[in-house]
Amino acid sequence: MVPLLRTNDMVLISFVEALLGEAGIGHLVLDGNMSVLEGSIGAIARRVMVVEEDRSAAVRLLVAAGLEHELDPRALKDGRNAGA
């Protein structure tokens, strides 16, 4: 799996999960339970991950939704043009 984005914004994560789910793109949110360890101070960003094969479709979807600025730089690596 590759990181699509990192954020502490739970609204953004919910929006991205809804977009990915509606598009049939499998994803996983990692570090969601770290708030128990960090005391809910938001020091550890949650990571939205997708499988490598779905990366370009996920990147195109988030760019179309106006979220390009939220994408992890590793997701952008060839993600906008691959498979297009």
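Structure first, text after, so check above.
Nothing here was measured: the structure is a model prediction, and the numbers come from that model.

For this particular structure, what's the right way to read the overall build of the protein chain?
Along the backbone of the protein chain there are four helices and three strands. A total of 84 residues make up the protein chain; the buried ones form 30% of that total. In the protein chain, once contacts between residues fewer than 6 apart in sequence are set aside, the share between residues at least 24 apart is 59%. On the protein chain, roughly 4,900 Å² of surface is accessible, and the fraction owed to carbon and sulfur atoms is 54%.

It is not clear to me how the sheet that holds strand β3 (residues 46-50) should be interpreted in this structure. Could you clarify?
Strand pairing in a sheet takes place through backbone hydrogen bonds and is either antiparallel or parallel in direction. Spatially, β1-β3-β2 is the arrangement adopted by the three strands of the open sheet, whose pairing is antiparallel. The sheet terminates laterally at β1 (2-7) and β2 (27-30), the two strands that pair on one side only. The average angle at which neighbouring strand axes cross in this sheet is 25°, direction not considered. Note that β1 and β3 share five bridges and pair antiparallel. Bridging from a neighbouring strand, P3 pairs with M49 of β3. Packing of helix α3 (residues 55-64) onto the sheet brings it into contact with β1 and β3, and relative to β1 it is tilted by some 35°.

Rules and cut-offs
- Residues numbered from 1 in each chain as written.
- Predicted model: local features only at pLDDT ≥ 70, side-chain atom pairs only at ≥ 80, totals over all residues.
- Heavy atoms only, no water.
- Helix = DSSP H or I, 4+ residues; strand = E, 2+ residues; numbered from the N terminus.
- Buried < 20%, exposed > 50% of the residue type's maximum accessible area, 1.4 Å probe, protein only.
- Contact = heavy atoms within 4.5 Å.
- Areas by Shrake-Rupley, 256 points an atom, 1.4 Å probe, with all protein chains shown as cover.
- Pairing = 2+ DSSP bridges.
- Axes fitted to C-alpha atoms, helices over the stretch in contact; angles between N-to-C directions.

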